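Structure assessment
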Amino acid sequence: KQWYQRRVAITAGIDYPEGGFEALLQVASCWNQLGFRKKSRKIVIYASDAGIHIAGDGKVAGLVTPNTGECHVDQSTGLYTMAESQDYPSIEQVNQMLINNNIIPIFAIEEQYLDLYQKISDHMTQLSNVGKLSADSSNIVELVRDALYRVTSTINLVILDSLGYTIEIEPLCDERIPNGCTNVKYGETVDFRVTFTLEKCEKLAFRKVLPIIVPGFETVFVEIEHKCGCDCYDNAVVTGDDICNNRGDNICGTCDCRDPFYGEECECSDKSGKSDELCRATPSSLVCSNQGRCECGKCICRAPQTPPGIQEPYVRYGEFCECSNYECPKGAKKKKVPTATLR
């Protein structure tokens, strides 16, 4: 206690809210000057019995310059040098700086402001924890111990650069929280399944590196390779192609037909009956009796597999593929219809 009183100058303002978040921002932005090891889990304990000043409050004192979010601590004196030159930081500025430098805050707060700091903590994407501080601060050790356990036993993923993607994070554990797991034991391995869905393609193929933050640990960089089309696209035949009956372009082996043509080889047109209605026995019937496909207004019957032990090949025929050589009467007149195996 005596050491603390010698090293820290205790001051007071004329209003009740405090500039604690300005100090928290300086801790986050000056972390390398404070002696944190690069691979360490950086945790800051924030104790308060008051609210906070946020961006805009400095205008009352004529501080209209926005907070830069940079480190402004004099290394020789340890004092903050911009207290009378710039406004307070916003909550999002503090949050972003904590994320960028992987620093976890633990808030020890007296009861009357507990709800305020809990809402702030809920807003933060970085791991944080809020505990109730007694009026005489006698429970500070217990509070910090419990908060440290909750922080160190929680693992979650944070992805900030999600523009252009739909991202689903599925933690594979028993005790799940949003995008993470809690009550993780020492030495336990936690797996996540992360699914990235590209919302639209602006280029045929490109790569992007996305950072996945594991608060309290480190940042993992994932390289995503996008392929929005075939590799052969650049070599596609731009003009009409014989395979497509000179009615479309052969792109990667698939016909891209010009209107009004359609079909696998652009062999059909609107005049030949694009509607499946021509392939139905009645308006309520299935297309080609569900035994073939409709092509240019005619049924192409599938060639079913011949059952074991049957010598005569199984044949499906009829205008709507409604007959077979084992289902229709033997005396029925067969109408020749091309057969094919559906692809």
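Here the residue index of a chain counts from 1 through its sequence in written order. Since the coordinates come from a predicted model, pLDDT governs what is reported: local features require at least 70, and pairs of side-chain atoms require 80 or more to be given and counted, while whole-chain, interface and lining totals use all residues. The basis for the side-chain values is all heavy atoms of the structure; hydrogens and waters are excluded.

**With respect to helix H2 (residues 20-29)**
For the record, the criterion: Exposed residues in this analysis have more than 50% of their type's maximum accessible area, buried residues have under 20%, and partly exposed residues fall in between, with area computed by a 1.4 Å probe over protein chains only. To qualify as a helix, a DSSP run of H or I must reach at least 4 residues; to qualify as a strand, a run of E must reach at least 2; elements of each kind are numbered from the N terminus. Contact definition: two residues touch when any of their heavy atoms are within 4.5 Å.
Burial within H2 is extensive, with eight of its ten residues counted as buried. Along H2, the residues that are buried comprise Gly20, Phe21, Glu22, Leu24, Leu25, Gln26, Ala28 and Ser29. If you follow the buried residues of H2, they end up packed against strand E1 (42-48), helix H3 (91-100), strand E2 (103-110) and helix H4 (114-123).

**A word on the sheet that holds strand E3 (residues 129-133)**
Rules: Two strands are counted as paired when DSSP detects at least two bridges linking them. What counts as an axis is a line fitted to C-alpha atoms, over the stretch in contact for a helix, and the angles between N-to-C directions run from 0 to 180 degrees.
In spatial order, the strands read E1-E2-E3; together these three strands make up an open sheet with parallel pairing. Two strands bound the open sheet, and with one partner strand each, they are E1 and E3. Sheet twist, expressed as the mean angle between neighbouring strand axes with direction ignored, is 20 degrees. Here five bridges tie E2 to E3, and the two strands are oriented parallel to one another. By the bridge assignment, Ile106 is partnered in E3 with Asn129. Running at roughly 165 degrees to E1, H2 makes contact with E1 and E2 of the sheet. Relative to the sheet, helix H5 (residues 140-152) contacts E1, E2 and E3, its axis offset from that of E3 by approximately 165 degrees.

**Description of the packing of H2 against H3**
As a reminder, the rule being used: With respect to orientation, any angle under 35 degrees is reported as roughly parallel, any angle over 145 as roughly antiparallel, any angle of 65 to 115 as roughly perpendicular, and every other angle as oblique. Each crossing gets its hand from how the near helix is turned against the far one by less than a right angle, where anticlockwise is left-handed and clockwise is right-handed. Only Asp, Glu, Lys and Arg are considered charged, only Ala, Val, Leu, Ile, Met, Phe, Trp, Tyr, Cys and Pro nonpolar, and every remaining residue, Gly among them, polar.
The interhelical angle for the contact between H2 and H3, taken along N-to-C directions, is 25 degrees, at an axis separation of 9 Å. Comparing their axes, H3 and H2 come out roughly parallel. Two packed elements cross with a definite hand, and for H2 against H3 that hand is left-handed. Along the contact surface, H2 presents Phe21, Leu24, Leu25, Ala28 and Ser29, while H3 presents Ile91, Gln93, Val94, Met97 and Leu98. Among the residues forming the contact of H2 with H3, the class breakdown is eight nonpolar, two polar and no charged.

**As for the pattern of salt bridges**
Stated precisely, the cut-off is as follows: The rule for a salt bridge is simple: a side-chain nitrogen of Lys or Arg has to be within 4 Å of a carboxyl oxygen of Asp or Glu.
As enumerated under the stated definition, the model contains six salt bridges in all. One salt bridge in this structure joins Asp115 and Lys119, with 3.4 Å as the shortest N-O distance. Here Asp115 pairs with Lys119, and both are found in helix H4, just four residues apart, close to one helical turn. Of the residues examined, Lys119 reaches a relative accessible area of 55% and is grouped as exposed. A salt bridge links Arg280 to Glu277, with the nearest nitrogen and oxygen atoms 3.5 Å apart. Overall, Glu277 belongs to the partly exposed group, its relative accessible area being 46%.

**Examining the environment of Ser85**
You can see Ser85 is positioned in the loop between E1 and H3. By relative accessible area, which is 37% here, Ser85 ends up partly exposed. Sequence separation between Ser85 and Gly62 is 23 residues, and the spatial gap between their C-alpha atoms is 9.0 Å. What Ser85 contacts, discounting residues up to four positions off in sequence, is Leu63 and Thr65.

**Some thoughts on the nonpolar core**
As a reminder of what qualifies: Take the buried residues of types Ala, Val, Leu, Ile, Met, Phe, Trp, Tyr and Cys, join any two whose side-chain atoms come within 4.5 Å, and each joined set is a nonpolar core.
Core analysis: the biggest nonpolar cluster contains 18 residues, and Phe21, Leu24, Tyr46, Phe107 and Tyr117 have the highest contact counts within it. Elements with a contribution of two residues or more to this core: H2, E1, H3, E2 and H4. Broken down by element, the residue count for this core peaks at four residues, all from H2. Sequence-distant contacts of Phe107, that is, excluding residues within four places in its chain, are made with Phe21, Leu24, Tyr46, Tyr117, Met124, Ser128, Asn129, Val130, Gly131 and Leu143.

**Details of H4**
As a reminder, the rule being used: Here, the arc refers to the directions that run from the helix axis to the C-beta atoms.
By the burial criterion, the buried members of H4 are Tyr117, Ile120 and Ser121. Down the axis of H4, the smallest arc covering the buried residues is 100 degrees, so these residues share one side. Of the exposed residues in H4, the ones pointing more than 90 degrees away from its buried face are Lys119 and Asp122. Of the surrounding elements, those touching the buried residues of H4 are H2, E1, H3, E2 and E3.

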